[in-house]
Amino acid sequence: MKKTLFTFFILIGFTVSAQTEDAWVYFTDKQNVATALANPITILTQAAIDRKNLHGTPIDARDVPVNQSYISQIKSATDITVFAKSKWFNCVYVRGSQAAINALANLAFVDSIDFANSSLNSREAESVKINFYQKVNKKLEVATDFTYGNTANQVEMLNVDYLHQQNYTGEGITIAVMDAGFPNVNTLAAFQRMRNNGDLLDGYDFVDDVDDEFLFTGSSHGTSVLSTITGFVQNDFVGTAPDASVYLFRTEDVWSETPVEMAYWVEAAERADSLGVFVINTSLGYSMFDNLSYSFSPSDMDGETAFISRGATVAFEKGMLVVNSAGNEGNGSWGIVTAPADSPGALAIGAVDANGNYASFSSTGPSADGRVKPDVAAQGASAAVITASGNISNASGTSFSSPIMAGAIASLWQADPSKTNLEIMQIVRQSASQFNNPDIFLGYGIPDFQAALANFSTEEITEENSFSIYPNPVSEKLYVDFSKENASANLQIYSILGRKVMEQQNVTDFITVSSLAPGMYLVKIVSEEKVATFKIVKK
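Residues numbered from 1 in each chain as written. Predicted model: local features only at pLDDT ≥ 70, side-chain atom pairs only at ≥ 80, totals over all residues. Heavy atoms only, no water.

Engineer: Just checking my understanding: could you explain the overall build of the protein for this structure?
Structural biologist: Helices and strands together make up the secondary structure of the protein, namely 14 helices and 23 strands. Among the 539 residues that make up the protein, the fraction classed as buried is 58%. Surface exposure of the protein reaches about 20,500 Å², of which carbon and sulfur atoms provide 48%. (Helix = DSSP H or I, 4+ residues; strand = E, 2+ residues; numbered from the N terminus. Buried < 20%, exposed > 50% of the residue type's maximum accessible area, 1.4 Å probe, protein only. Areas by Shrake-Rupley, 256 points an atom, 1.4 Å probe, with all protein chains shown as cover.)

Engineer: How should I be thinking about the side chain of Asp273 in this particular structure?
Structural biologist: Within the secondary structure layout, Asp273 lies in helix α10 (residues 260-274). On the accessibility criterion, Asp273 (0% relative accessible area) is buried. Engagement of the side chain of Asp273 in a polar contact is seen with the side chain of Lys52, the distance being 2.9 Å. Apart from residues lying up to four places away in sequence, Asp273 is in contact with Ala48, Arg51, Lys52, Asp63, Trp88, Lys318 and Met320. (Polar contact = N/O pair within 3.5 Å; in protein donor to acceptor, adjacent residues only side chain to side chain. Contact = heavy atoms within 4.5 Å.)

Engineer: Which parts of the structure should I look at to understand the packing of aromatic side chains?
Structural biologist: Note on aromatic pairs: each is described by the distance of the centres and the angle between the planes. Throughout the structure, instances matching the rule amount to 18 aromatic pairs. Aromatic side chains Phe89 and Phe307 sit 4.9 Å apart centroid to centroid with 45° between the ring planes, which places their arrangement in the tilted category. Overall, Phe307 belongs to the buried group, its relative accessible area being 3%. Pairing Tyr470 with Tyr479 gives two aromatic rings, centres 5.4 Å apart and planes at 15°, and the pair type is stacked. An aromatic cluster is built from Trp24, Phe89, Tyr93 and Phe307, whose rings are joined through pairwise contacts. Here the basic side chain of Arg95 rests over the ring of Phe83, its NZ or CZ set 4.5 Å away from the ring centre. (Phe/Tyr/Trp six-rings, centres within 6.5 Å; stacked < 30°, edge-to-face > 60°. Lys NZ or Arg CZ within 6 Å of the ring centre and 35° of its normal.)

Engineer: Before we go on, may I ask you to explain helix α9 (residues 221-230) in this structure?
Structural biologist: Think of an α-helix as turning once every 3.6 residues; residues three or four places apart then point the same way. When you tally the buried positions in α9, you get 10 out of 10 residues, the bulk of the element. Among the residues making up α9, those that are buried are His221, Gly222, Thr223, Ser224, Val225, Leu226, Ser227, Thr228, Ile229 and Thr230.

Engineer: When you look at the pattern of salt bridges in this model, what are you seeing that I'm missing?
Structural biologist: Opposite charge on two side chains allows them to pair when their charged atoms are near. Under the defined criterion, the tally for this structure stands at 17 salt bridges. Where Arg371 meets Asp369, a salt bridge forms, and the shortest distance between an N and an O atom there is 3.0 Å. With a relative accessible area of 11%, Arg371 lands in the buried category. Sharing partners across several salt bridges, the network here consists of Arg51, Lys52, Asp60, Arg62, Asp63, Asp273, Glu317 and Lys318. (Salt bridge = Lys/Arg side-chain N within 4 Å of Asp/Glu carboxyl O.)

Engineer: I'm lost on the sheet that holds strand β20 (residues 500-507) in this one. Help?
Structural biologist: In sheet architecture, strand pairing relies on hydrogen bonds along the backbone and comes in two forms, parallel and antiparallel. Reading across from one edge, β20-β19-β22-β23 is the order of the four strands in this open sheet, with antiparallel pairing throughout. Two strands in the sheet have a free side with no partner beyond their single neighbour: β20 and β23 (531-538). When the angles between neighbouring strand axes are averaged without regard to direction, this sheet yields 20°. Of the strand pairs in this sheet, strand β22 (residues 519-526) and β23 are connected by eight bridges, and their pairing is antiparallel. Bridge pairing in β23 links Met520 to Val537. Sitting on the sheet, helix α13 (residues 421-430) touches β19 (489-494), β22 and β23, and the angle it makes with β22 is about 75°. (Pairing = 2+ DSSP bridges. Axes fitted to C-alpha atoms, helices over the stretch in contact; angles between N-to-C directions.)

Engineer: Hey, could you run me through α10 in this one?
Structural biologist: Taking 1.5 Å as the rise per residue, α10 with 15 residues should run 21 Å; its terminal C-alpha atoms sit 21 Å apart, in good agreement. Within α10, 14 of the 15 residues are buried, leaving the element largely enclosed by the surrounding structure. (Expected span 1.5 Å × (residues − 1).)

Engineer: How should I be thinking about the sheet that holds strand β2 (residues 80-86) in this particular structure?
Structural biologist: Taken in spatial order, the four strands line up as β2-β3-β1-β4 in an open sheet, and their pairing is antiparallel. Every interior strand has two partners, whereas the edge strands, β2 and β4 (110-115), have only one. The sheet shows a mean angle of 25° between the axes of neighbouring strands, direction not considered. Relative to strand β3 (residues 91-96), strand β1 (residues 21-27) runs antiparallel, the two being bridged by six bridges. Each bridged residue has a counterpart across the sheet, and for Glu21 the counterpart in β3 is Gly96. Across the sheet, α10 lies against β1, β2 and β3, angled at about 40° from β2, the strand it touches most. Of the strands in this sheet, β1, β2, β3 and β4 touch helix α11 (residues 307-317), which is tilted by about 35° from β1.

Engineer: Where do I start with the confidence of the model for the protein in this structure?
Structural biologist: Fine structural detail should not be taken from predicted coordinates in areas where pLDDT scores are low. On average, residues of the protein score 88 in pLDDT, and 88% of them are at 70 or above. Confidence drops under pLDDT 50 across residues 1-17; counting only partners more than four residues distant or on other chains, this segment forms 42 contacts. In the model, residues 458-465 has pLDDT below 50 throughout and makes 13 contacts with residues more than four positions away in sequence or in other chains. (pLDDT = per-residue confidence, 0-100.)

Engineer: Just to check I follow, could you spell out unusual backbone geometry for this structure?
Structural biologist: Backbone phi values are negative for most residues with the exception of glycine, while trans is the configuration of most peptide bonds. Backbone torsion omega between Gly365 and Pro366 reads -5°, so that peptide bond is classified as cis. Position of Pro366 relative to the elements: it lies in the loop between β13 (346-352) and β14 (376-379). Geometrically, the link from Tyr470 to Pro471 is a cis peptide bond, its omega value of -10° lying close to zero. Residue placement: Pro471 occurs in the loop between β17 (467-470) and β18 (477-482). In this structure, Asp79 is a non-glycine residue whose phi angle is positive, near 60°.

Structure, rendered in C-alpha cells:
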C-alpha cells in the first residue's frame, strides 16, 4: 500500500465491481506525425522546445498527441469509460466489462490490450505491449542569506544554504508537483512570495478533469509537500527552492487505490514535458490496489513492469528529472521501493532523521533487478512543513524527503541550466556521503550540494577549443571530432546509475562502444583545454 500522506491515512476501502475491469488500450499509429514533427510548436510550447534544444533532447513521435478520432470511437463503444490517455505510449486507460474491453480488439486501429489484472492477459498480448514500448523507444541582485528558522536542519544537511548564498534559489527552473491536492496554496501567506513573483504558473486536476481552481481544495498533502520547496515565512521557514516556478497537478485520488492513478500520472508527466518543465516531484508510490487482482508483487519493482515506472523512464528520456519518494514501506512486509521509484529514470529519495540516520519507515532497496535504490536520501523524519491551515508543523515520510531534494536540485540546476538531467543526476549521486559504498537503506547517501556545485565545469567552450561527438544515437563506434590537428583526450562513459562503465586514454578519433547495453549514457571527455560532457543513446 502506498503511503502518500505525511500522517498515514487509513484509506476508506473501495471495492471494484466484479463486473468491471481496468485496462490500457494501445493504438497502432498516430495522425500527421511528419507534419507535427516538422512544426513542433503545434504540439509543444516554446519553453519545451527551448529546453529540449538546450539539452539536445530529440523531439519524436512520442510527442505527437493521440489520435482524437480513435479516442472518440473508444468512448462510443458500449460499456466503456475512458479515464486517461497517453501520447508517449499511444494508448488510453479504460474501464468496462471484460467482454466489452476485449471487443475493442476488433477495431482496426487497436494494436493491443493490457488488462490491469495481469491474469487476463495472454502471453501474446504481453509481448505486443513490450515490443510497442521498445519501439517508441530575475529577482535577486545580492547574495542571499536567509534565516531558515524551522527548516534550517533539512536545508543545511544538504548544504543547500550554500547554493542560496550564491544566489541559486531555483530561479528560472520549473517544477511540476504531482500530488493529491493543494488546498489554500492560492491564499496562504507562506506562498505569497511565490504568487507575487508569478511563480505559481498553472495547474490541472487529472482526477476530476477540471482546471486549476479545483486544486486548492481536497487533500492537504500536496500543500505540505509544496511548502518544503517554495514555502517562505520570513525568519521562520524557507524551502529548498523558494524562487522556482511550479505547475500543480492532481493525479492522486485519496479515496480509492486503482491503477488509473498511474495513468493520470503519465498524462500529467506528458503535460509537464510539453510545458518545458525541468523537475517533476512525486510524493506518491504504488504497490497494492483495492482490487488485489491488480496489485503488484515485489518482483514487479524492476522499472519495466508498472505503467507509471515505464512512464517515468520516458519522462527522463524526454529530458526531465523525476524526483520520487522511495516509499514508506521500511517497517512493513513489502519493504522495498514502490513504483515509480523503481524506474531507472527516477531519482528515488529515502528518508533520514535530523541527525542523518536512516528512518526505519523508509523503503529500502535494491530494485527487483538488483539496482541501487533508493538513490539518495534527505530528511524525512520530523521534517518541517506548512499545513493547509498555514501553521508550521513537523511531519514524517519520504513524501517530504523527496520535495526537499527536488527543490535542492532545482537550485543547483539554476547554476547551469544547459546541463542535462543525466549530468545533474550523476553529479548529485557523486556528491553523496557513501557514493563509493552504497547500501539498501540510503543508496548513495546524503548529497552535499556545495560539493555538487563545485563539480560544475565553468570553463567557457570557445570556437578554438571545442569538439563534438558523433553519431548519436550510436551503435558501434563513437567518434570524437577535434578542432585541432593531432589532438587527443581521455574519455569516460557513465551509466544512468552514475557508474563508470568504460574508460579509454588518449582517444584521437573514436572509441568502440558495441559492448555497451542499449540505453542512455553520459560521456565525459577531458582534454588539455577543457572538460566536456555529452549525453548519448546507445542503440
